[in-house]
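# Summary of the model geometry
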Amino acid sequence: TVIMLYLKLFHKNIFPFRKVCQLKLAKNISTGCILYQDTKESKLVTTEQIRGIRIITINRPEKNCINIATADALLQAFKDFDNDEDSKVAVLHGAGGNFCAGYDLQELSSMPDPMSALNRGRGPMGPTHYETSKPVIAAIEGYAVAGGLELALWCDIRIVEETSIMGVYCRRFGVPLVDGGTSRLPAIVGLGRALDLILTGRPIRPDYAMEIGLANSVTACGAALGNAVFYAESLEKYPPEALRADRESARRFYMCSSLEEALKNETARAKVALEEARIGASRFVKGDGRHGSFKFFPGDPPSDPDSSNK
């Protein structure tokens, strides 16, 4: 069994100097090497690369609230990821024990014109009005509330730690959802459950998030990032064009006015992957992919057909 390790040091109640340095350890599953990065930068958003995986980190501990500068940096980080041919999957998480607690209300309260947060050609939280062409996985620990929940909803997959809390906490302060929450939450969990969470602003525990489909996986405390990278590794190995075309068709289904429009959109997007499909069919004819076990690329070991369920 391949093991993905993510060691988080300097927890608040154990090492008070965690703000000075956070040591991240991740095992590159494909090469077996161990990568260390000592992040001491004062950057609002930091990035790391593990093979074809871009790890994008919101770096405003303790709560990782988003202000104008952080939103700009976060959007640019995802545009850079999109434009990098070597980056196949992104993982979004927050430094210091929290995913994101929403928009910086201190900054919002000091704005002469709150509309200025909306009139910047992007979502107030950064990338939420931007459509990436590649999968994004949210590694959620601590709080993912208000705009932070909207950031998580913007991602394709949500890996949630068992001690995390999600919710529309902006309800209590009269701050509306303006980063796609009223559109994406109903699409993911259904209108009735979405309205319950939107109207009450109540906290959502991971077990309930898993039950309603808001969380894709619940993991142990401290393991969200490692499991998200592990998940990203599983996607990185697949032929990319077909994966991206199917992802985009699925995401745009809720934007279509009819099934007919959705099917036309699916067919149009599938055309970009036809050459990939021809190559894959040729590999199948030669023996790859029989009985659920196959090689992703030349030189890769055969996959375990049951590995996704372990």
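Residues numbered from 1 in each chain as written. Predicted model: local features only at pLDDT ≥ 70, side-chain atom pairs only at ≥ 80, totals over all residues. Heavy atoms only, no water.

An unreviewed UniProt entry lists the chain under the name 3-hydroxypropionyl-coenzyme A dehydratase, from Armadillidium nasatum.

### Focus on the sheet that holds strand E8 (residues 157-161)
Across the sheet, six strands lie side by side as E3-E4-E5-E6-E8-E10; this open sheet has mixed pairing. Each edge of the sheet is formed by a strand with only one pairing partner; in this case those strands are strand E3 (45-50) and strand E10 (217-219). In this sheet, neighbouring strand axes are inclined to one another by 20° on average, regardless of whether the strands run parallel or antiparallel. Sitting on the sheet, helix H1 (residues 68-83) is in contact with E3, strand E4 (53-58), strand E5 (89-94) and strand E6 (136-140), with an inclination near 180° to E4. Sitting on the sheet, helix H3 (residues 147-154) is in contact with E4, E6 and E8, with an inclination near 140° to E6. (Pairing = 2+ DSSP bridges. Helix = DSSP H or I, 4+ residues; strand = E, 2+ residues; numbered from the N terminus. Axes fitted to C-alpha atoms, helices over the stretch in contact; angles between N-to-C directions. Contact = heavy atoms within 4.5 Å.)

### With respect to a nonpolar patch on the surface
A cluster of nonpolar residues, Leu191, Leu195 and Leu199, forms a patch on the protein surface that exposes about 310 Å² of accessible area. With respect to the element layout, Leu191 can be found in helix H5 (residues 191-200). Judged by relative accessible area, Leu191 falls into the exposed class, the value being 56%. (Patch = residues over 30% accessible without salt bridge, like charges linked within 9 Å, V, L, I, M, F, W, Y side chains within 5 Å. Areas by Shrake-Rupley, 256 points an atom, 1.4 Å probe, with all protein chains shown as cover. Salt bridge = Lys/Arg side-chain N within 4 Å of Asp/Glu carboxyl O. Buried < 20%, exposed > 50% of the residue type's maximum accessible area, 1.4 Å probe, protein only.)

### Regarding the pairing of E3
In this sheet, E4 lies alongside E3 in antiparallel orientation, the contact comprising six bridges. Each residue of the ladder has a partner; that of Thr46, found in E4, is Thr57. Once E3 ends, the chain turns through two residues before running back antiparallel as E4, passing Arg51 with a positive phi of about 55°.

### Examining empty space enclosed by the protein
A water-sized probe, rolled over the atoms, reveals where empty space remains. If you walk through the whole model with that rule in mind, you get one cavity of 30 Å³ or more. Computed from the structure, the largest cavity encloses a volume of approximately 30 Å³. In terms of lining residues, the largest cavity is bounded by Ala146, Leu149, Glu150, Leu153, Val168, Leu177, Gly181, Leu185 and Ile198. Mapped onto the lining of the largest cavity, the elements with two or more residues apiece are H3 and helix H4 (181-189). Ranked by the residues each element gives to the lining of the largest cavity, the list is headed by H3, at three residues. Grouping the constituent residues of the lining of the largest cavity by class yields seven nonpolar, one polar and one charged. (1 Å grid on protein atoms, 1.4 Å probe; cavity = no way out; pocket = protein on both sides within 12 Å on 5 of 7 lines; lining within 4 Å. Points joined across faces, edges and corners; volume = space filled by probe spheres on them. Nonpolar A, V, L, I, M, F, W, Y, C, P; charged D, E, K, R; others polar.)

### Overview of the packing of H4 against H5
Where H4 contacts H5, the two axes come as close as 7 Å, and the packing angle between them is 135°. Between H4 and H5, the crossing angle belongs to the class labelled oblique. Taken as a pair, H4 and H5 cross one another with a handedness that is right-handed. Along the contact surface, H4 presents Gly181, Thr182, Leu185, Pro186 and Val189, while H5 presents Leu191, Arg193, Ala194, Leu197 and Ile198. (Parallel < 35°, antiparallel > 145°, perpendicular 65-115°, else oblique. Left-handed = near helix turned anticlockwise from the far one by under 90°.)

### Things to note about the pattern of salt bridges
Scanning the model with the defined rule gives 10 salt bridges in all. For Glu131, the salt bridge identified is with Arg251, shortest N-O distance 3.4 Å. Within this pair, whereas Glu131 is found in the loop between helix H2 (105-109) and E6, its partner Arg251 is found in helix H8 (residues 240-252), the two being separated by 120 residues in sequence. Judged by relative accessible area, which is 30%, Glu131 ranks as partly exposed. Look at Arg251 and you get partly exposed, because its relative accessible area is 21%. Among the ionic pairs, Arg202 bridges to Asp196, the shortest N-O distance being 2.6 Å. Arg202 gets classed as partly exposed once you look at its relative accessible area, which sits at 30%. With relative accessibility at 26%, the residue Asp196 sits in the partly exposed group. One network of salt bridges, in which partners are shared, links Glu131, Asp156, Arg184, Arg247, Glu248 and Arg251.

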